[in-house]
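Results of the structural survey
Below are the chains, spelled out letter by letter.
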Amino acid sequence: MEGTSDFTLVTRKPCFGLPTACPNCLPAYIYLKLSHLPFQLAFNSTFPDSEELPYFENGTYVAYNNEDGGVIEKLKKDGIVNLDSQLQSLPEYISLKALIVSWLQEALTYEIWVGTEGISASKIYYSDLPWVISKVLFYKQTYLAKNRLGLTKENAERREKLIYKRASEAYEALSTRLGEQKFLFEDRPSSLDAFFLSHILFTIQVLPETSVLRSKLLEHSNLVRYAEKLKSEFIEASSSSPSPPLHSFPSSFSGKGSKPKSKPKAEKTEEEKKFKKRARFFLAAQFLAVVIYVSVMGGVSSDDMEYEDDD
Amino acid sequence: MEGDQDTSDFTLVTRKPCFGLPTACPNCLPAYIYLKLSHLPFQLAFNSTFPDSEELPYFESGTYVAYNNEDGGVIEKLKKDGIVNLDSQLHSLPEYISLKALIVSWLQEALTYEIWVGTEGISASKIYYSDLPWVISKVLFYKQTYLAKNRLGLTKENAERREKLIYKRASEAYEALSTRLGEQKFLFEDRPSSLDAFFLSHILFTIQVLPETSVLRSKLLEHSNLVKYAEKLKSEFIEASSSSPSPPLHSFPSSFSGKSSKPKSKPKAEKTEEEKKFKKRARFFLAAQFLAVVIYVSVMGGVSSDEMEYEDDD
């Protein structure tokens, strides 16, 4: 097949032992791996808020994530690769999809931006930006996420309970449905495996050990095994440095770093120092600007007083 | 059941009826239907004071109250507190859980979208704000529309795309539920469950309340077995006790087409009177506000040109 070297998936950069640390990009990556379509992986960190990522290129053809229901849907519709061809009108397929892309995705969104206080979010989206800008963007995204989840001060606790309850029920249903099968549907991979595997890997490898959602997932050992098998067969078969098995992942922050992690850590410390210097400079400049502004405005409103003093 | 002597104490408080439904509020209707499916005798009472209130519907029995904004909703609370539980052997089945996701997430989102955005809020005003002065109801309506758009993740930029996705998911949900249901009476074997309550509420609302131009409504009407399912349950459980049955669902082209049934002409006469009163009040409010704005602007304008006036006077 000529032109295979032209298939490129552009995602956010890797982290936490995952080929891409962005929860929106990972399903597309896994989908392509499950379909055995050869492709290159490229990274783009310029726009943390961009809804275009991930996107898929092949020569002049581009499939952005914010078109037509997402990259995976577009790849199916445009005939690039369709793993769901005989499944998508089955009631089980449709209802399991709702569990995964609504209930589990909401729970993950909640956990990233609110439940774990955004510890992971900063690393995924903002680690390349100056500290001040990243803080601003982080607060903006947290605000948007809370709106999206319908959270208000008044109902926050209630909504959290409901979100976790639905996630638990979804894990139950999927665990019962899956049993010891290799894929969710018979012996063939589908886009639902891509979405679900992405959710599991993200929840175990990225969320901290204190995460409620992560603990709920780990209660279902068959789901962990499902993810491990698919990960080693499809995702790591082509990578040189395999990460530790999922069940040995207590926490991303526990210091039991595997090889791929110690290198990025050294880089980060250097970058962190540079950014912290810049951040201090920014803060000082802003503080100065505020002080100047206040004194000027204060001066204007007491103009009358000053005239009298001078005269 | 213990407390048979207390049956007269079971009261469900909802928003008022409209559109031929016992309650026109899409959050209240499932609880009503759930109680009807369970054959628990109860009284229905109405509360129109707080259009934004998340407490409605609530269920009372003596000193026991179950508000909708506690513990996952009135129906969940009725199950948990042992009042009536239709889901006792179902709720850990994968099919139950996944169908629930279809109904309470995909279909509910589609209905929320259709009420507040897709049909430009025509129905919303009637359900929530028909008792309020026009100005206040407009303000509340815009506030709720804004909140609904946030909730659905709609922005100017992605509005078209999100709408497509919302309708697509609703279509797929209707497909799945239609295939799953076939010609059965209930979603699960021969027994009613809370999912029937949620789903029936969605269907009745979509057919009877949304206008004929509604995209969501047209998609639903493509599945005749879903319409039949709703008709059967409606006549058996909801109208068995009511004196004036409404027309069958398949003859409901539109709530606004003028083929009104008896219950509608009476509220219409009342509304015209109230509307006139409220429009008078609204005009008065508007005039008062305009006056206030004019006064404020002239006062503030006066303050900033104080210096000029001093020079002129001197």
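Residues numbered from 1 in each chain as written. Chains lettered and ligands numbered in written order. Predicted model: local features only at pLDDT ≥ 70, side-chain atom pairs only at ≥ 80, totals over all residues. Heavy atoms only, no water.

Some thoughts on the overall build of chain B
Along the backbone of chain B there are eleven helices and four strands. Carbon together with sulfur atoms contributes 55% to the accessible area of chain B, which is approximately 16,300 Å² in total. (Helix = DSSP H or I, 4+ residues; strand = E, 2+ residues; numbered from the N terminus. Areas by Shrake-Rupley, 256 points an atom, 1.4 Å probe, with all protein chains shown as cover.)

Remarks on the overall build of chain A
Counting its regular elements, chain A contains eleven helices and four strands. Scored against the burial criterion, the 311 residues of chain A give a buried share of 47%. Long-range contacts, defined here as pairs at least 24 residues apart, represent 69% of the contacts in chain A between residues at least 6 apart. Here chain A displays about 15,900 Å² of accessible surface, and carbon together with sulfur accounts for 55% of that area. (Buried < 20%, exposed > 50% of the residue type's maximum accessible area, 1.4 Å probe, protein only. Contact = heavy atoms within 4.5 Å.)

Here's the deal with the UniProt feature "domain: Metaxin glutathione S-transferase" (unreviewed entry) in chain A
According to UniProt, the "domain: Metaxin glutathione S-transferase" (unreviewed entry) feature falls on residues 167-229 of chain A. For residues 167-229 of chain A, helix accounts for 68% and strand for 0%, while the C-alpha atoms at its two ends are 22 Å apart. (UniProt positions renumbered as here; feature names shortened; annotations may be inferred.)

Description of the interface of chain A and chain B
At the junction of the two partners, chain A supplies 33 residues and chain B supplies 34 residues. Interface area lost by chain A to chain B is led by I94(A), R148(A) and R158(A), which between them contribute 22%. In this structure, the salt-bridge partner of E76(B) is K165(A), at a minimum N-O distance of 3.6 Å. The interface formed by chain A and chain B contains eight residue pairs in polar contact (both at pLDDT 80 or more). When contributions to the side of chain A that touches chain B are tallied by element, the ones reaching two or more residues are α3 (91-115), α5 (131-148) and α6 (156-178) of chain A. No other element matches the eleven residues that α6(A) contributes to the side of chain A that touches chain B. Classifying every residue of the side of chain A that touches chain B by side-chain character gives eleven nonpolar, seven polar and 15 charged. (Buried area = accessible area lost by both parts, 1.4 Å probe. Salt bridge = Lys/Arg side-chain N within 4 Å of Asp/Glu carboxyl O. Polar contact = N/O pair within 3.5 Å; in protein donor to acceptor, adjacent residues only side chain to side chain. Nonpolar A, V, L, I, M, F, W, Y, C, P; charged D, E, K, R; others polar.)

Concerning unusual backbone geometry
Following L53(A), the chain continues into P54(A) via a peptide bond in cis, with omega recorded as 0 degrees. With an omega dihedral of 0 degrees, the bond running from L56(B) to P57(B) counts as a cis peptide bond. Its place among the elements puts P57(B) in the loop between β2 (43-46) and β3 (58-61). One non-glycine residue with positive phi stands out, namely H39(B), at about 60 degrees. Here H39(B) lies in the loop between α1 (29-37) and β2.

What to know about the pattern of salt bridges
Evaluated as defined, the whole model comprises 20 salt bridges over all chains. K97(A) is the partner of E73(A) in a salt bridge, and the nearest nitrogen-oxygen pair spans 3.4 Å. Note that E73(A) is positioned in helix α2 (residues 71-77) and K97(A) in helix α3, a separation of 24 residues in sequence. With respect to burial, E73(A) and K97(A) carry one shared label: buried. Between K168(B) and E73(A) there is a salt bridge, with its nearest N and O atoms 3.6 Å apart. With K168(B) in helix α6 (residues 159-181) and E73(A) in helix α2, this residue pair bridges two chains. K168(B) sits in the partly exposed class, given a relative accessible area of 37%. Each of E73(A), K76(A), D84(A), K97(A), K168(B) and E172(B) takes part in a single network of salt bridges with overlapping partners.

Points about the packing of aromatic side chains
Considering all chains together, one arrives at 18 aromatic pairs over all chains under this definition. Each ring, one from F138(A) and one from Y139(A), has its centre 5.7 Å from the other, and the planes form 55 degrees; the classification is tilted. For F138(A), a relative accessible area of 9% puts it in the buried group. You can call Y139(A) exposed: its relative accessible area is 52%. When the centroid spacing of 5.7 Å and the interplanar angle of 55 degrees are considered together, the rings of F141(B) and Y142(B) count as tilted. Overall, Y142(B) belongs to the exposed group, its relative accessible area being 53%. Three or more aromatic residues link up through ring pairs in this structure, and these residues are W113(A), F138(A) and Y139(A). A cation sits over an aromatic face here: R177(A) above F185(A), 4.7 Å from the ring centre. Positioned above the aromatic ring of F188(B), the side-chain terminus of R180(B) is 4.7 Å from the ring centre. (Phe/Tyr/Trp six-rings, centres within 6.5 Å; stacked < 30°, edge-to-face > 60°. Lys NZ or Arg CZ within 6 Å of the ring centre and 35° of its normal.)

With respect to the environment of S61(B)
Residues and elements named next belong to chain B. Residue position: S61 is located in strand β3. Along the sequence, S61 and I83 sit 22 residues apart, while their C-alpha atoms lie 10.0 Å from each other. S61 has contacts with D9 and F10, leaving out every residue within four places of it along the chain.

Observations regarding the side chain of D87(B)
Residue and element names in this part refer to chain B. Within the secondary structure layout, D87 lies in the loop between α2 (74-80) and α3 (94-118). Using a relative accessible area of 0% as the deciding quantity, one classes D87 as buried. Here D87 is in contact with K79, Y96, R191, S193 and S194, once residues within four sequence places are set aside.

Topic: the environment of H39(B)
Judged by its relative accessible area of 61%, H39(B) falls in the exposed class. Note: C-alpha distance between H39(B) and V84(B) (45 residues apart in sequence) is 9.6 Å.

Quick notes on the environment of F234(A)
Looking at the element boundaries, F234(A) is found in helix α9 (residues 221-235). Along the chain, F234(A) and E52(A) lie 182 residues apart, while their C-alpha atoms are 25 Å from each other.

A few points about α9(A)
With 15 residues, α9(A) should cover 21 Å at 1.5 Å per step; its first-to-last C-alpha distance of 20 Å lies within 8% of that length. Taken as a whole, α9(A) has its buried residues at N222(A), L223(A), V224(A), Y226(A), A227(A), E228(A), L230(A), K231(A), F234(A) and I235(A). (Expected span 1.5 Å × (residues − 1).)

Let's talk about helix α1 (residues 26-34) of chain A
All names here are of chain A. Extensive coverage of α1 is indicated by the burial of nine of its nine residues. Within α1 the residues assigned to the buried category are L26, P27, A28, Y29, I30, Y31, L32, K33 and L34. Turning to α1, the residues buried within the fold contact β1 (8-11), β2 (40-43), β3 (55-58), α2, α7 (191-205) and α9. At the C-terminal side of α1, H36 shows a positive phi close to 60 degrees.

Quick notes on the packing of α7(A) against α9(A)
Residues and elements named next belong to chain A. Here α7 crosses α9 at 105 degrees, and the two axes come no closer than 10 Å. Between α7 and α9, the crossing angle belongs to the class labelled roughly perpendicular. Together, D193, F196, L197, I200, L201, I204 and Q205 of α7 and L223, V224, Y226, A227, L230, K231 and I235 of α9 make up the contact between the two elements. Considered class by class, the residues forming the contact of α7 with α9 number eleven nonpolar, one polar and two charged. (Axes fitted to C-alpha atoms, helices over the stretch in contact; angles between N-to-C directions. Parallel < 35°, antiparallel > 145°, perpendicular 65-115°, else oblique.)

Examining the sheet that holds strand β1 (residues 11-14) of chain B
Residue and element names in this part refer to chain B. With mixed pairing, four strands are arranged side by side in an open sheet as β2-β1-β3-β4. Across the chains shown, the open sheet's two edge strands, defined by having one partner strand only, are β2 and β4 (64-66). Direction aside, the axes of adjacent strands within the sheet are offset by 20 degrees on average. Inspection of the sheet shows β1 paired to β3 by three bridges, in the antiparallel sense. (Pairing = 2+ DSSP bridges.)

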